[in-house]
Amino acid sequence: MRASDGDRDRVAAALREHYAQGRLTTEEFDERLEQLYTSKTYGELARLTSDLPDVDLRSLPEPVSRQSGKAKSGKGSGDLKEAWQAWAVVGAINWAIWLFTGLVSGLDFAYPWPLWVMGPWGMVLLVITMFSGSGRRRDP
């Protein structure tokens, strides 16, 4: 029976897993991948993993490139958190510089210029946060 691209992708995932666990050398892994993508039938695919522990190909997850965007959505909230942390650190440094220069100049605090650094950046982050969907209910 002829194999589909999805079948080949699942076998490739199994080979990657066996390679990651040290059951295959780099040369063996590369050679089997080459054979994998020229295989046309289930029998040819089965020969590639016949000397490895059994893996139910149907139970393997779909490769990342074929999964929906749900798996990728978790990372976005982490990036957003890091952006807000960077904003806070840069803002704190700017306010520290402003305070230091005000104290050194004899308590002559100049115009609060750190607002010009924090304000626009903070507004952009706020809009991104509001429209990124980070407040949506997450599935358990």
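Rules behind the numbers
Residues numbered from 1 in each chain as written. Predicted model: local features only at pLDDT ≥ 70, side-chain atom pairs only at ≥ 80, totals over all residues. Heavy atoms only, no water. Salt bridge = Lys/Arg side-chain N within 4 Å of Asp/Glu carboxyl O. Helix = DSSP H or I, 4+ residues; strand = E, 2+ residues; numbered from the N terminus. Buried < 20%, exposed > 50% of the residue type's maximum accessible area, 1.4 Å probe, protein only. Expected span 1.5 Å × (residues − 1). Arc of directions from axis to C-beta. Core = buried A, V, L, I, M, F, W, Y, C linked by side-chain atoms within 4.5 Å. Contact = heavy atoms within 4.5 Å. Patch = residues over 30% accessible without salt bridge, like charges linked within 9 Å, V, L, I, M, F, W, Y side chains within 5 Å. Areas by Shrake-Rupley, 256 points an atom, 1.4 Å probe, with all protein chains shown as cover. Lys, Arg positive; Asp, Glu negative; His and termini not counted. Charge placed at Lys NZ, Arg CZ, Asp CG, Glu CD.

Overview of the pattern of salt bridges
(1) Moving on: Under the counting rule described, the total for this entry stands at 3 salt bridges.
(2) Moving on: Note that aspartate 7 and arginine 10 form a salt bridge whose closest N and O atoms lie 2.8 Å from each other. One end of the pair, aspartate 7, and the other, arginine 10, are both in helix H1 (residues 5-20), 3 residues apart, so they sit about a helical turn from each other. Of the two residues, aspartate 7 and arginine 10, both sit in the buried class.
(3) Moving on: With a closest N to O distance of 2.8 Å, arginine 32 and aspartate 51 form a salt bridge. One end of the pair, arginine 32, is in helix H2 (residues 26-36); the other, aspartate 51, is in the loop between helix H3 (42-48) and helix H4 (73-104), and 19 residues separate them in sequence.
(4) Moving on: In this structure aspartate 51 comes out as exposed when scored by relative accessible area, which is 53%.

Remarks on helix H5 (residues 114-131)
(1) Moving on: Given a rise of 1.5 Å per residue, 18 residues ought to cover 26 Å, and the 26 Å separating the end C-alpha atoms of H5 matches this to within 8%.
(2) Moving on: Turning to H5, its buried residues number three or more, namely Pro114, Met118, Gly122 and Leu125. End-on view of H5: buried residues confined to an arc of 70 degrees, all on one side of the axis. Counted as exposed and oriented over 90 degrees from the buried face of H5: Trp116, Met123 and Phe131.

Comments concerning the nonpolar core
(1) Moving on: In this structure, Ala3, Val11, Ala12, Leu15, Leu24, Phe29, Leu33, Leu36, Leu45, Leu48 and Leu52 together form the largest nonpolar core, which totals 11 residues.
(2) Moving on: Mapped by element, the contributors of at least two residues to this core are H1, H2 and H3.
(3) Moving on: Excluding anything up to four places from it in sequence, leucine 36 contacts Arg8, Val11, Ala12, Leu45 and Leu48.

Observations concerning a negative patch on the surface
(1) Moving on: A cluster of acidic residues, Glu27, Glu28, Asp30, Glu31 and Glu34, forms a negative patch at the surface.
(2) Moving on: Within the secondary structure, aspartate 30 is located in helix H2.
(3) Moving on: Overall, the relative accessible area of 39% leaves aspartate 30 in the partly exposed class.

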